[in-house]
Amino acid sequence: MRDLPMEVTEEVADAISSGTPVVALESSIIAQGLPQPENIVTAVAAEGEIRNQGAIPATIAIIDGVIRIGLNPDEIEMLGSGIELPKAGRAELPLILTAGITAATSVSATMICSNLAGIRVFATGGIGGVHRNVVETYDISQDLLEFCHTQIIVVASGAKAVLDLRKTYEMLETLGVSVLAYELRELPAFWSRCSGIRSSIVVDDPVDFANSLAMRRQLGMGGGILAANPIPEESEIPLSQVEAWIDEALKQASLEDITGKHVTPYLLSCLAELSEGETVRANMSLVHNNAKLAAQIATCFGKLDQ
Ligand code: PSU
Ligand code: MN
C-alpha cells in the first residue's frame with residue numbers, strides 16, 4: 001500500500017514531537033467562507049494570535065492531492081485568491097487525494113486531518129449543522145457526524161446562525177457530543193453571544209476542555225468536543241438584527257435554487273452584502289477569539305502530559 005499523502009511542516013512536526021502546543025485551522029473559511037481580502041487577513045491574524053499565546057498554528061488544506069499540515073503565507077494567499085476550489089468534507093476527502101487536486105478543507109475534513117497529525121485542538125468560526133428547511137431538504141452538515149468519529153476539540157462560536165440552532169444543538173446531544181459552553185450559561189449564536197438556548201455544561205477555565213477530552217479518551221468513548229465560545233461583546237450583532245438579514249438571505253437562496261454545499265457560502269456572502277460588511281467584521285473577530293481560546297486549551301495539554 002502506498003504511504004498516506006500527508007506532509008507536516010518541520011515547525012509543526014517538531015512542535016508535536018516536543019509537546020509544544022499546536023492549534024489546527026481550516027481552509028474552507030479562507031476559500032469559501034469569507035470575502036477577499038478579509039479571508040486572508042483573518043487567516044494570518046488567527047495564526048498570529050496562536051503564536052502570541054505561545055502555540056504553533058497549523059492551517060490545513062489539500063494541495064495537489066497531499067494533505068498539508070501547516071501552510072506558508074504564499075499558500076494561504078493562493079487559497080484565498082478567489083480561484084474556485086472544491087470544498088472537501090469527510091465524503092470528498094479520499095477522492096480529492098486520489099485525484100491529486102487542490103481543495104479547501106471544511107470542519108469535518110480538518111478534524112480528520114488534524115487527528116491524523118496528532119493535533120488535539122482546532123479553531124474555526126462556526127460549525128455546520130441542521131438547516132432551517134431540513135424537512136424538505138434533509139440538509140444536515142457532515143460536521144455534526146464527524147464529532148462521533150474523530151477525537152478532537154473544535155473551538156467555534158457554535159453553529160452558524162443561518163441554521164436551525166435548536167435542532168443543531170439537539171442533534172449534537174443525540175449524537176453524544178460533549179458541548180461545553182465557555183463562560184456563558186447560553187449557547188452562542190455565531191454573530192450574537194446568546195441563542196436563547198441554555199447550556200447544561202458551562203466551563204470557565206481552558207483546562208476543563210483539555211481534561212474533558214482526556215477523560216473521553218480514558219473512557220474509550222472516542223468522539224470530539226465542541227468548545228462553544230461566544231463572540232466578544234464589543235463585536236456582537238444583536239440577534240434580532242441578524243435574524244432580519246437571515247430571513248432575506250434565505251428568501252434569496254430559495255429564489256435562486258441554491259442547494260447542497262453551496263448553501264452555506266451563498267448565505268454568508270448574501271449576509272455580508274445585506275449587512276454592509278457587519279457580519280464579516282463580526283466573523284473575523286470571533287475567529288480571532290476562537291484561535292486565542294484554542295491556543296490556551298492546547299497549552300493545557302502540555303501541562304496534563306507532564
Ligand atoms: N466557520 C466560518 N465560516 C465558514 C465555515 C466555518 O466562520 O465558512 C465553513 C466550515 O468549513 C464548515 C462549513 O465546515 O462552513 C459548513 O458548511 P456546510 O453547511 O456545507 O457543511
Ligand atoms: Mn449541507
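Please refer to the structure higher up on the page.
Everything numeric here is computed off the predicted structure, so don't read it as measured data. (Residues numbered from 1 in each chain as written. Chains lettered and ligands numbered in written order. Predicted model: local features only at pLDDT ≥ 70, side-chain atom pairs only at ≥ 80, totals over all residues. Heavy atoms only, no water.)

### Quick notes on the site of ligand 1
Under the convention used in this document: We call a residue near a given molecule or strand whenever any one of its heavy atoms falls within 4 Å of it. Each polar contact in these results corresponds to two N or O atoms within 3.5 Å; when the atoms are within protein, one needs to be able to donate a hydrogen and the other to accept it, and residues that are neighboring in sequence are counted only if both atoms are side-chain atoms. Areas reported here follow the Shrake-Rupley algorithm with a probe of radius 1.4 Å; residue values treat only the protein chains shown as occluding. Note on conventions: DSSP H or I runs of at least 4 residues are helices, E runs of at least 2 residues are strands, and numbering of each starts at the N terminus. All amino acids are sorted into three groups, where Ala, Val, Leu, Ile, Met, Phe, Trp, Tyr, Cys and Pro are nonpolar, Asp, Glu, Lys and Arg are charged, and the leftover types, Gly among them, are polar.
Around ligand 1 sit 19 residues, and of these E26, K87, S141, D143 and T264 come closest. Side-chain polar atom of E26 to an oxygen atom of ligand 1: 2.7 Å apart, as the coordinates give it. Expressed as a share of its isolated accessible area of 480 Å², the protein-covered part of ligand 1 is 94%. Listing elements by their share of the shell around ligand 1, those giving two or more residues are α2 (28-33) and α12 (263-274). The dominant element in the shell around ligand 1, judged by the number of residues it contributes, is α2, at three residues. Grouping the amino acids of the shell around ligand 1 by side-chain chemistry returns four nonpolar, 11 polar and four charged.

### Structural notes on the packing of helix α11 (residues 239-255) against α12
For any two helices packed against each other, one specifies the crossing angle of their axes together with the interaxial distance. Cut-off, in case you're wondering: With axes taken as lines fitted to C-alpha atoms, and helix axes fitted only over the stretch in contact, angles between N-to-C directions fall between 0 and 180 degrees. Orientation labels follow simple angle bins: below 35 degrees gives roughly parallel, above 145 gives roughly antiparallel, 65 to 115 gives roughly perpendicular, and whatever is left gives oblique. Helix crossings fall into two classes, left-handed where the near helix is turned counterclockwise from the far one by less than a right angle and right-handed where it is turned clockwise. Here, residues are in contact when the closest pair of their heavy atoms is within 4.5 Å.
Where α11 contacts α12, the axes come no closer than 9 Å and their chain directions differ by 130°. As far as their axial angle goes, α12 and α11 are oblique. Crossing of α11 over α12 shows right-handed handedness. Of α12, the residues touching α11 (which contributes W245, I246, E248, A249, L250, Q252 and A253) are Y266, L267, C270, L271 and L274. Split by residue class, the contact of α11 with α12 holds 10 nonpolar, one polar and one charged.

### Some words on the pairing of strand β11 (residues 225-228)
So the rule is basically this: The buried label goes to any residue with under 20% of its type's maximum accessible area, the exposed label to any with over 50%, and the partly exposed label to all in between, with areas taken from a 1.4 Å probe on protein chains only. Think of it this way: DSSP has to see at least two bridges between two strands before they count as a pair.
The side-chain alternation of β11 yields two buried faces, one formed by I225 and A227 and the other by L226 and A228. Where strand β9 (residues 178-182) meets β11, four bridges bridge the pair, whose relative direction is parallel. Among the inter-strand pairings, L180 is bridged to a residue of β11, identified as A227.

### Details of the pattern of salt bridges
Any two side chains of opposite charge can pair, given that their charged atoms come close. The test is simple: What counts as a salt bridge is simple: a side-chain nitrogen of Lys or Arg found within 4 Å of a carboxyl oxygen of Asp or Glu.
Scanning all chains against the criterion turns up seven salt bridges. Here R90 ties to E146 by a salt bridge, and the two come within 2.6 Å at their closest N and O atoms. Highlighted residues: R90 in the loop between β5 (87-88) and α5 (93-99) and E146 in helix α8 (residues 142-149), separated in sequence by 56 residues. Its relative accessible area of 36% is what places R90 among the partly exposed residues. Where R132 meets E243, a salt bridge forms, and the shortest distance between an N and an O atom there is 3.0 Å. Of this pair, R132 sits in the loop between β7 (121-123) and α7 (134-137) while E243 sits in helix α11, and the two are 111 residues apart along the sequence. Assessed through its relative accessible area of 30%, R132 is described here as partly exposed. The class of E243 is partly exposed, set by a relative accessible area of 26%. Via salt bridges that share partners, E7, R68 and E75 belong to a single interconnected network.

### Comments concerning the packing of aromatic side chains
Basically, it comes down to this: For Phe, Tyr and Trp, where Trp contributes only its six-membered ring, two rings pair if their centres lie within 6.5 Å, and the inter-plane angle classes them as stacked under 30 degrees, edge-to-face over 60, or tilted in between.
This structure, assessed with the given rule, holds two aromatic pairs. Aromatic pair Y182 and F209: ring centres 5.8 Å apart, planes at 50°, arrangement tilted. Here F209 lies in helix α10 (residues 206-218) and Y182 lies in strand β9, a separation of 27 residues in the sequence. The buried category is assigned to Y182, whose relative accessible area is 11%. Taking the relative accessible area as the measure of exposure, F209 reaches 0% and is therefore buried.

### Here we look at the environment of I29
Its place among the elements puts I29 in helix α2. Take I29: its relative accessible area is 16%, and that puts it in the buried class. Spatially, the C-alpha atom of I29 lies 13 Å from that of L286, the residues being 257 residues apart in sequence. Non-local contacts of I29, meaning those with residues more than four positions away in its chain, are made with L34, N39, G125 and V287.

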